[in-house]
Amino acid sequence: MNWVTPLETKKLLIIAREKYESNHIKDAYEKFSQAIRLYYSFKFNLDKEITAIELLNQITDIDKTEYQLVYDSLTLCGKIEFAKHTEKENEFIKCISNFSKNVENNSQDIMIR
């Protein structure tokens, strides 16, 4: 049985937005990264929590646009989490909005299987 669902991913995305709005930037990016990793772990039936690097190695066969979205989002999350980057205006909102749309567009396919 799978241990995470698209609904749980959506909950993590909401928490990430709330953290961001509360000016807990690092925590927001951490939750965003977790949501991405859990979503794709579920989508590919991995049934375990994976690192960003493991995820990127697992999803090389997906659509190039989707892969780039995941790559860019995880890279940004990692930079913010480890204080190697100062967030620019709207970076978080842009990334989380694009990923949220991707989850919405693909959730039906995942829940059907």
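The structure presented is a predicted model; accordingly, all values stated were derived computationally and were not measured. (Residues numbered from 1 in each chain as written. Predicted model: local features only at pLDDT ≥ 70, side-chain atom pairs only at ≥ 80, totals over all residues. Heavy atoms only, no water.)

**Description of the packing of helix 1 (residues 6-21) against helix 2 (residues 25-43)**
So, point 1. Contact geometry for helix 1 and helix 2: axes closest at 7 Å, N-to-C directions at 170°. The orientation of helix 1 with respect to helix 2, classified from their angle, is roughly antiparallel. Contacts between helix 1 and helix 2 involve Pro6, Thr9, Leu12, Leu13, Ile15, Ala16, Lys19 and Tyr20 from the former and Ile25, Asp27, Ala28, Lys31, Phe32, Gln34, Ala35, Leu38, Tyr39 and Phe42 from the latter.
So, point 2. A class-by-class count of the residues in the contact of helix 1 with helix 2 yields 13 nonpolar, 2 polar and 3 charged. (Axes fitted to C-alpha atoms, helices over the stretch in contact; angles between N-to-C directions. Helix = DSSP H or I, 4+ residues; strand = E, 2+ residues; numbered from the N terminus. Parallel < 35°, antiparallel > 145°, perpendicular 65-115°, else oblique. Contact = heavy atoms within 4.5 Å. Nonpolar A, V, L, I, M, F, W, Y, C, P; charged D, E, K, R; others polar.)

**Some words on the nonpolar core**
So, point 1. In terms of nonpolar packing, the biggest core is built from 27 residues, with Phe32, Ile36, Tyr40, Leu55, Val70, Phe92 and Phe99 touching the most fellow members.
So, point 2. At the level of secondary structure, the elements contributing two or more residues to this core comprise helix 1, helix 2, helix 3 (52-58), helix 4 (64-81) and helix 5 (91-112).
So, point 3. Non-local contacts of Val70, meaning those with residues more than four positions away in its chain, are made with Ile36, Tyr40, Leu55, Leu56 and Ile59. (Core = buried A, V, L, I, M, F, W, Y, C linked by side-chain atoms within 4.5 Å. Buried < 20%, exposed > 50% of the residue type's maximum accessible area, 1.4 Å probe, protein only.)

**Side note on the packing of helix 2 against helix 4**
Each pair of packed helices can be described by the angle between their axes along with the distance between the axes.
So, point 1. Put simply, helix 2 and helix 4 touch, their axes get as near as 9 Å, and they point 145° apart. Here helix 2 runs over helix 4; the crossing is left-handed. Where helix 2 approaches helix 4, its residues Ile25, Lys26, Tyr29, Glu30, Phe32, Ser33, Ile36, Arg37, Tyr40 and Lys43 are matched on the opposing element by Glu66, Val70, Ser73, Leu74, Leu76, Cys77, Ile80 and Glu81. (Left-handed = near helix turned anticlockwise from the far one by under 90°.)

**Quick word on unusual backbone geometry**
So, point 1. Positive phi, close to 65°, is recorded for Asn23, a residue that is not glycine.
So, point 2. With a relative accessible area of 61%, Asn23 lands in the exposed category.

**Considering the pattern of salt bridges**
So, point 1. On inspection of all chains with the given rule, the structure shows 3 salt bridges.
So, point 2. Residue Glu104 is joined to Lys10 by a salt bridge in which the shortest nitrogen-to-oxygen separation is 3.1 Å. In this pair, Glu104 is assigned in helix 5 and Lys10 in helix 1, connecting sequence segments 94 residues apart.
So, point 3. The class for Glu104 is partly exposed, based on a relative accessible area of 49%.
So, point 4. Judged by relative accessible area, which is 25%, Lys10 ranks as partly exposed.
So, point 5. A salt bridge links Glu66 to Lys43, with the shortest nitrogen-to-oxygen separation between them at 3.3 Å. Taken together, the positions of Glu66 in helix 4 and Lys43 in helix 2 put the pair 23 residues apart, joining distant regions of the chain.
So, point 6. Residue Glu66 is classed as buried on the basis of its relative accessible area of 12%. (Salt bridge = Lys/Arg side-chain N within 4 Å of Asp/Glu carboxyl O.)

The values reported here are purely geometric and, on their own, carry no functional implication.
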